Each structure stands twice: as C-alpha cells, then as structure tokens.
Amino acid sequence: MHEVFVNYRTGDEESAAAMIAYELTRRFGPDSIFFASTSIPAGRRFPAELVKAAEECEALLAVIGPRWAEVRGADGRPALEAEQDWTRHEIRTALDRGVLVIPVLVGKATRIDRAVLPEDLLELADCQYKRFDHRNAQPDLKALGDTLARLLPDLGRADRDAQVPDEPQEAGDREEPAGGAGHPRMQARDVEQRVRGGIGNLNGNLSGTFVNEPQGPVNTGRGNQYNAPHFEGDNSGVQFTAGDNSGTVHQRFERDRRRSDDGR
C-alpha cells in the first residue's frame, strides 16, 4: 500500500507534481509514494490501479496550479466539470474516505475558490494547504516532507532524512581537563595512539618535548623562531607555541632538571 497519493491535472503543473513525487520517493521510498506515471507497471490497467491506490492511501496531495480549474476537456468544457474526470474522481474518493487531503498550491495559484468546485469537491476548499514554488523548491519540498513525516507515523519511520542521534563517546576517547590548568590532559594511551610520524621525547608522566607533524622548521634550542612551531626556554622547561596568524596555542611541558656529575 502506498501511504501518499500524488494527484495532479494534466496540463497544469505536471512538472511540479513530478518534482514533488520524486523528492518524496527519495525520502520515503518508492513503496510509500504513488505517482501514476511511475507507480503503475507497464501493461497494467490504469483505471483499476488508480482506483485501488486512491482507496488505500493514507494521504492525498492535490497539486493545484493556476490553470487547475481552467484546463479543458475534449468537449471544450472545463475538465473539472466532467464526472469521469480522473483528477476529480481521485480527490472525491479520498474525501469520501475521510483521509488526509492536502492541497499543494503551486506558483501563483491562490486559495481554491468554492465557486469553481463541483458539489462533491466543496470540502477541498476547507482543507489547509501547503505551497510549492519552483524558485523555492528545496525548502518547500523539505517542509512538505516534514509535514507528512509528522502526520503519518509509518511514513515517519521510513524517513531517510531522519536525524540519527550521535553515539556516546567511549570513555577512553574522552579528554579530561587538567586540574586548574585549563588545558586538555592527554592520557598516555591517547598519545601512543595519536602520535604518527612526529618527533618526541615523552616520559611516562608526559614530560619532555613533543612535536607532531610540524608545518615548517622547528627550533628546539635557545632563541626565538617565528612563523613556525616555536620553542623557547632553558633547561628548566620547554615552551611550545603552535598556530598561525589566526591564533596561538601554548602548552608547557615541565621536566625535572637533570645534571650529570660533570655539570653538563
């Protein structure tokens, strides 16, 4: 069973109806959307297929453009006046069943005038409508799809655009704040996993010097170096500066002063 029947009139905004059907099919799947030109298999008897789909749908979208009530039939009279008119028959079937009927007004189409409707379609003028404009196609299609997903639970469950909640982070992947330092403290196992191709002298307590993927020359001796990762200081510690003109990040890795017997 197709949940949504896309109803339209030949000669009035078929392209808009096709765009709506295409997007809803992408979002909810081909089994959820009925559009006559693509949903009826070759060789099938279309009158029976149209009646069956209109009788079983949960919602009908009546795509209505500026010429919807003016298109003429073979006899020269407005097609809407003919009881055998398929557009009229499909809408009447949905209204008689009491299912959701949503007029979709395209472009410059205005709210439906009850005066142009046959008696069996007068209820259509009371149905709250949605709008579709080719110049605003993407937001209008999204709004229409969101409305259908909200009103029809089965359609909502089939919604391919539904947001998937983010999975919680593993405990080992989280960074814990260092007490009072205001900087993330990397765990030893994180360093082991994340350091690739850098240079380093990391002790068990993460003291020492570490450079990962430098983007230019690195100076680890005395003196200053600019426009590149920058180290300065003496044997009491190392000051690391990385970044570009948009911002600078500083981290200080303290290390114990170690001296050999010869004072070096």
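Residues numbered from 1 in each chain as written. Predicted model: local features only at pLDDT ≥ 70, side-chain atom pairs only at ≥ 80, totals over all residues. Heavy atoms only, no water.

A. Layout of the pairing of strand S1 (residues 4–7). Because side chains alternate across S1, one face comprises the buried residues Val4 and Val6, and the other comprises Phe5 and Asn7, equally buried. Looking at chain direction, S1 and strand S2 (residues 33–34) are connected through two bridges and run parallel. If you follow Val4 over to S2, its bridge partner there is Ile33. Once you follow S1 into helix H1 (residues 14–28) and on to S2, the crossover reads as right-handed. (Buried < 20%, exposed > 50% of the residue type's maximum accessible area, 1.4 Å probe, protein only. Helix = DSSP H or I, 4+ residues; strand = E, 2+ residues; numbered from the N terminus. Pairing = 2+ DSSP bridges. Right-handed = clockwise from strand over helix to strand, strands pointing away.)

B. Seen up close, the environment of Glu90. Assignment of secondary structure puts Glu90 in helix H4 (residues 86–97). With near-sequence residues (within four places) excluded, Glu90 lies in contact with Phe5, Asn7, Leu50, Ala54 and Leu60. Only 2.6 Å separates the side chain of Glu90 from the side chain of Asn7, close enough to count as a polar contact. (Contact = heavy atoms within 4.5 Å. Polar contact = N/O pair within 3.5 Å; in protein donor to acceptor, adjacent residues only side chain to side chain.)

C. Representation of the pattern of salt bridges. Counted under the stated rule, the structure contains 15 salt bridges. The network of salt bridges with common partners includes Glu23, Arg26, Arg27, Lys142, Asp146, Asp159 and Asp161. (Salt bridge = Lys/Arg side-chain N within 4 Å of Asp/Glu carboxyl O.)

D. Geometry of the sheet that holds S1. Here we have five strands laid out as an open sheet, ordered S2-S1-S3-S4-S5, and parallel in their pairing. Looking at the sheet topology across the chains shown, the edges are occupied by S2 and strand S5 (130–132).

E. Molecular detail of the packing of aromatic side chains. Under the defined criterion, the tally for this structure stands at three aromatic pairs. Lying over the aromatic face of Trp68, Arg9 brings its terminal NZ or CZ to 5.7 Å of the ring centre. (Phe/Tyr/Trp six-rings, centres within 6.5 Å; stacked < 30°, edge-to-face > 60°. Lys NZ or Arg CZ within 6 Å of the ring centre and 35° of its normal.)

F. Structural detail: the confidence of the model for the protein. Across the protein, the average pLDDT comes to 76, with 61% of residues at 70 or higher. Predicted confidence is poor over residues 235–262, with pLDDT under 50, and the contacts of this stretch with residues over four places away or in other chains come to 47 contacts. (pLDDT = per-residue confidence, 0-100.)

G. View of empty space enclosed by the protein. This model, assessed by the stated rule, comprises one cavity of 30 Å³ or more. Counted as a void, the largest cavity has a volume near 40 Å³. Contributing to the lining of the largest cavity are Pro103, Leu105, Arg111, Ile112, Leu124, Ala125, Cys127 and Tyr129. When the residues that make up the lining of the largest cavity are grouped by side-chain class, the tally is seven nonpolar, no polar and one charged. (1 Å grid on protein atoms, 1.4 Å probe; cavity = no way out; pocket = protein on both sides within 12 Å on 5 of 7 lines; lining within 4 Å. Points joined across faces, edges and corners; volume = space filled by probe spheres on them. Nonpolar A, V, L, I, M, F, W, Y, C, P; charged D, E, K, R; others polar.)

H. Local environment of the packing of H1 against helix H5 (residues 137–151). Between H1 and H5, the least distance of the axes is 10 Å, while the angle of their chain directions is 55 degrees. By the angle between their directions, the pair H1 and H5 is classed as oblique. Between H1 and H5 lies a crossing of right-handed hand. In this structure, H1 contributes Met19, Ile20, Glu23, Leu24, Arg27 and Phe28 to the contact, and H5 contributes Ala137, Leu141, Lys142, Leu144, Gly145, Asp146, Leu148 and Ala149. Across the contact of H1 with H5, the residue classes tally to nine nonpolar, one polar and four charged. (Axes fitted to C-alpha atoms, helices over the stretch in contact; angles between N-to-C directions. Parallel < 35°, antiparallel > 145°, perpendicular 65-115°, else oblique. Left-handed = near helix turned anticlockwise from the far one by under 90°.)

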